[in-house]
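Results of the structural survey
Spelled out, the chains give:
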Amino acid sequence: FVCRRPRRRRPGGIISPPMPNVSDIMDRDPVTVSPDTDVKSLIEVLQKNELPGVPVVDADNKVLGIVTDSDLVISDEEADFHLPHYVNIMGGIVFLESTKHFEERAKKAFASDVEEMMTSEHLVTVGPDEPAEHAARKISEKHHNRLPVVDGDGKLVGVVTRVDVLAALTGD
């Protein structure tokens, strides 16, 4: 017995095939790195597998973040690497702007391992039972090319890419 999702009716009465779930289109055996992977090894993994990014997982396969080729490059706007403006008052330094952005850029610029350069805050993931169109929406809204697919415990079960969801949406 095979349970199938109902077909959707398009305008004009045309019946379209059901939209697949993320689990139907994801890569079930994605390449990953650990937080202690050094930068040179990360570059080798990305080059060898021709990938723009990979999930970062711990020993239990729980997703900690994602690291992409853009994390390895300092953009032109970040190239002007200077201390925030400050004043010296009676021997003390008072910063006139937040130092948070400077600290984040410095951390990535001088990173020696994946943990120091990965994106972990506001990490966007998708569940395997979500419709492919939900993954497409997240990819589009957040301007990502790939999303880690995680189970209820936050463990990696796959990766879905922009190409995967485009193929699903167009029926290819």
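These remarks concern the structure in this document.

Before going further, it helps to spend a moment on unusual backbone geometry. A positive phi angle is found at N61, which is not glycine, with a value near 70 degrees. As for its placement among the helices and strands, N61 is situated in the loop between β3 (53-57) and β4 (63-68). Accessibility expressed as a relative area gives 31% for N61, which makes it partly exposed. For H143, which is not glycine, the phi torsion reads 60 degrees and is therefore positive. When you line up the elements, H143 lands in the loop between α6 (132-142) and β7 (146-150). Given a relative accessible area of 68%, H143 falls into the exposed group.

Residues V87, I89, M90 and V94 make up a contiguous nonpolar surface patch of about 410 Å² in total accessible area. Looking at the secondary structure, you find I89 in strand β5 (residues 86-89).

Remark: α6 packs on helix α7 (residues 162-170), axes separated minimally by 9 Å, with the N-to-C direction vectors making an angle of 130 degrees. When the interaxial angle is binned, α6 and α7 end up oblique. For α6 against α7, the interelement crossing comes out left-handed. Residues A132, E133, A135, A136 and I139 of α6 form the contact with α7, whose participating residues are R162, V165, A168 and L169.

Within the secondary structure layout, A59 lies in the loop between β3 and β4. Residues A59 and P35, spaced 24 residues apart in sequence, show a C-alpha to C-alpha distance of 9.8 Å.

As a further point, take the side chain of D113. Tracing the backbone shows D113 in the loop between α4 (100-109) and α5 (114-117). Taking the relative accessible area as the measure of exposure, D113 reaches 17% and is therefore buried. Here D113 is in contact with P35, D36, T37, D38 and V39, once residues within four sequence places are set aside.

A word on the nonpolar core. One finds V22, V126, V160 and V165 to be the most contacted residues of the largest nonpolar core, which totals 15 residues. V165 has contacts with I25, A132, A135, A136, I139 and V160, leaving out every residue within four places of it along the chain. Among the nonpolar cores identified, the runner-up in size contains eleven residues, and L46, A111, V114 and M118 belong to it.

With that out of the way, let us pick up the pattern of salt bridges. Within the structure shown, the criterion is met by two salt bridges. E44 serves as the salt-bridge partner of K40, at 3.8 Å between the closest nitrogen and oxygen. Of this pair, K40 and E44 both sit in helix α2 (residues 39-49), four residues apart, which is roughly one turn of the helix. Two residues, K138 and E130, come together in a salt bridge whose shortest N-O distance is 3.7 Å.

Cut-offs used in this document
Residues numbered from 1 in each chain as written. Predicted model: local features only at pLDDT ≥ 70, side-chain atom pairs only at ≥ 80, totals over all residues. Heavy atoms only, no water. Helix = DSSP H or I, 4+ residues; strand = E, 2+ residues; numbered from the N terminus. Buried < 20%, exposed > 50% of the residue type's maximum accessible area, 1.4 Å probe, protein only. Patch = residues over 30% accessible without salt bridge, like charges linked within 9 Å, V, L, I, M, F, W, Y side chains within 5 Å. Areas by Shrake-Rupley, 256 points an atom, 1.4 Å probe, with all protein chains shown as cover. Salt bridge = Lys/Arg side-chain N within 4 Å of Asp/Glu carboxyl O. Axes fitted to C-alpha atoms, helices over the stretch in contact; angles between N-to-C directions. Parallel < 35°, antiparallel > 145°, perpendicular 65-115°, else oblique. Left-handed = near helix turned anticlockwise from the far one by under 90°. Contact = heavy atoms within 4.5 Å. Core = buried A, V, L, I, M, F, W, Y, C linked by side-chain atoms within 4.5 Å.

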